[in-house]
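# Architecture and fold: a report
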Amino acid sequence: MFPDHDNQSSAAAAAPAPDSEPTQTQSSTPEQVNSAPASAPESPAPESVPAVADAHAPDGAQEHAPAAAPPAPAESQAVAAPSSADAEATAAAEEAAGSEEMSKLMEQYDEQHEAASQNEIIEVKVVAYTEHGVVVDLGGKTEGLIPAAEFSETDIPRPEPNSTIEVQRTGEHKDGFTILSYQKVLRRRTWEKIEAAYKVKETITGKVVDRIKGGLVVDIGVRAFLPGSQFDLRPSQNLDDLTGTELQVRVTKLNRRRGNVVVSRRAILEEELHAKRAQLMETLTEGQVVHGHVKNVTEYGAFVDLGGIDGLLHLTDLSWGRVKHPSDVVKPEQELDVIILKFDKEKQRVSLGLKQLMPDPWVNAAEKYPAGGKVKGKVVGVVDYGVFVELEQGIEGLVHVTEMSWSKKAQHPSKVAKVGEEVDVVVLDIKPSDRRVSLGIKQALPDPWLLVADKYPVGTIVTGKIRNIAEFGAFVEIEEGFDGLVHVGDVSWTERIKNPHEVFKKGEPVTAKVLKIDPENRRVSLGIKQVNDIWGEWFKQHKVGQIVKGKVSRIATFGAFVELGENIEALCHNTEIEERKRRDEGHSPMHRTSTGPLKSAGPLEPGKEYDFKIIKISPETRRIGLSYRAAAKQIERKEIEQYRSTSTSKSSSTATIGDALKSKLSAR
């Protein structure tokens, strides 16, 4: 039994009887003493009783003692007797309670000890195999049995004879054997190993045993789940062929109570990748040629694995030539050498180049494709403003839409050239520094303008349609791409055209004469009035110095206009009408006395015919200059000569010029 001081709590828990009173052995306060039962008879106490009471009272109790007299000795003994009995009963109750509590503690100890002995792992020696299982030696001339079901229902192999193994008691006995569990120990040791690997993030080997939705089941001693996203660094589409494959994995989640284990292969690969990347980062430099394999291909380029770090091989750095899609140059998993163009160690970004490992075709492009040279090329692109022609891989030139055809009619480039078609082009301009070359398709073809110019030389009568009307004339399309201009001054010999829109209509056919061809500026001058060229015929039949007859059509302040033929008009200036002396006398028509049309120019009057001398002819400007006074003098001289030749027989040799003039005047 536990000592009393060990059972204070039990004793305190036991309540005293209602009628029990404190004994003499218990210390009592004055209040307790005063709380004696009211039924006790009151009698004077002997003198000795107060001494006993004083001996047991605390210090100063006498000062606080009540004025009532203490009980008599007989009464004190009567009170003390039942108090002693109550104390014994209390002690007995305390002893009984302590014994009961001890029994409970012993039972709990036995249960815990028995449970602990059942969970305890012990080492035993295999002694025999029976149909019931494996017999082992427990020592002390006792034997245990591992049931055969632990081996037949699982894939756990039976231990070898005479080998030492670990087992666990089950608490069962059968046929004189203590039933043991070999499987529980193995499972326990497996869980301990998995927990240890989980805590230190140790890599363990497992075997894929099943393919389930979302991932794989891996046997690492227990069935663990490997999510599909944790199998590789990149999502793997096909996991069906991995059953039976051994994998290196790492435990990422563990719940032993529920038996749940989640493993990851990706965590190991990421660690290896980080280690490789850190090592590689220390060796990479710009301009370095490295070997890698294409990881994946995108619309804008390809990512190349350099052995721990990925670099971007941009679309523009794949080839010197045009690349429609990166897959046209590189394929996934393809191995290749690339050069590091740019390396950002902090951001771990690497820009790669493939074309930089090949010679730049633009270095000698100016010598290979000089301006004016004719070469063959391949159309690689068609846009609204022209076509791109590849001269060689890496060198492309633009043929602008204006350089594609000699025709002035606007056509879309797709109607002139097609992608993949080979064409002859002429290099118009090349700038290797800007990596640009301007090309022309029409320059490689015969110039139809020059052919048409040879076809329609100056003086040819042509027929065409009015293509456009301007303020200064109209453009006539003779052939496709060959236009001529009819100036307003070449429309009529007599009329002065101010607004060409009043004379021409777009699309109207006209007949004109080729007046001038300017090959350098690709211009043709046409004339409508020159088709009926009465001036040309007149110029062929007349020359300077010839006397012609003309009718004065109108008088101007500067002279008289003379009609020499139908629609042929010449000018006789004032200086060629009269002598200067007579003009100075005030008879010149320059001195006008009234407004309105002039009625005469000296001796010349409108509507009358006179003789004039041609003093100037300009076929280009269609101008003729006349002189009235020169004609008069020439006629006079001619008449005098005729008079001299004919009057020899009629007059004496003494006749003078004055006589001849008088004779002429009298004849008039």
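Up top you'll find the structure we're talking about.
Just so it is clear, the model here is predicted, and its values are computed rather than measured. Per chain, the residues get numbers from 1 upward, laid out in the order the sequence is written. Owing to the predicted nature of the model, reporting of local features is limited to residues with pLDDT of at least 70; listing and counting of side-chain atom pairs is limited to 80 or more, with chain, interface and lining totals taken over all residues. Only hydrogens and water are set aside when side-chain values are computed; all heavy atoms of the structure are taken into account.

Any two strands between which DSSP finds at least two bridges are classified as paired. Elements are defined by DSSP. Helices are runs of H or I of four residues or more, strands are runs of E of two residues or more, and each kind is numbered from the N terminus. A barrel is described by the order of its strands in space; here five strands give the closed sequence β11-β12-β13-β15-β14, paired in mixed fashion. Averaged over all neighbouring strand pairs, the angle between strand axes comes to 50 degrees, with direction disregarded. For strand β12 (residues 301-305) and strand β13 (residues 310-314), the ladder comprises five bridges, and the chain directions are antiparallel. Following the sheet pairing, G301 is matched in β13 by H314. Only C-alpha atoms enter the line fits that serve as axes; for helices the fit covers just the stretch in contact. Angles between N-to-C directions range over 0 to 180 degrees.

Attention now goes to helix α8 (residues 266-281). Across its 16 residues, α8 extends 22 Å between first and last C-alpha, which sits within 8% of the 22 Å expected from 1.5 Å per residue. Residues of α8 that are buried include every one of I268, L269, L273, L280 and M281, and no others. Multiplying 1.5 Å by the helix residue count minus one yields the expected span of that helix. Partly exposed describes any residue whose relative accessible area lies between the buried limit of under 20% and the exposed limit of over 50%, with all areas from a 1.4 Å probe on protein chains only and scaled to the type maximum.

As a further point, take the sheet that holds strand β16 (residues 374-383). Read around the closed barrel, the five strands follow the order β16-β17-β18-β20-β19; overall the barrel is mixed. The sheet shows a mean angle of 50 degrees between the axes of neighbouring strands, direction not considered. Direction of pairing for strand β18 (residues 395-400) relative to strand β20 (residues 436-440): parallel, over a ladder of two bridges. Bridge pairing in β20 places V399 opposite L439.

The subject of this paragraph is unusual backbone geometry. Phi is positive for K201, which is not a glycine, with a value near 55 degrees. Here K201 shows up in the loop between α7 (183-200) and β6 (203-212). Phi is positive for R522, which is not a glycine, with a value near 55 degrees. On the secondary structure map, R522 appears in the loop between β24 (509-518) and β25 (523-527).

Okay, the pairing of strand β30 (residues 623-627) next. Along β30, four of the five residues are buried, which leaves the element largely enclosed by surrounding structure. Across five bridges, the pairing between strand β29 (residues 609-618) and β30 is antiparallel. Following the sheet pairing, I617 is matched in β30 by I624. The hairpin formed by β29 and β30 contains four residues between the paired strands, and R622 there has a positive phi angle of roughly 55 degrees.

A pair of Phe, Tyr and Trp rings is counted when the ring centres sit within 6.5 Å of each other, with Trp represented by its six-membered ring. The angle between the planes then sorts it: under 30 degrees is stacked, over 60 is edge-to-face, the rest tilted. On inspection of all chains with the given rule, the structure shows nine aromatic pairs. Linked through ring pairs, Y610, F612 and Y628 together constitute an aromatic cluster. Our definition puts a charge over a ring when NZ of Lys or CZ of Arg is within 6 Å of the ring centre and also within 35 degrees of the ring normal. Over the ring of F231 we find R265, and its NZ or CZ is 4.7 Å from the ring centre. Positioned over the ring face of F388 is R322, at 5.2 Å from the centre of the ring.

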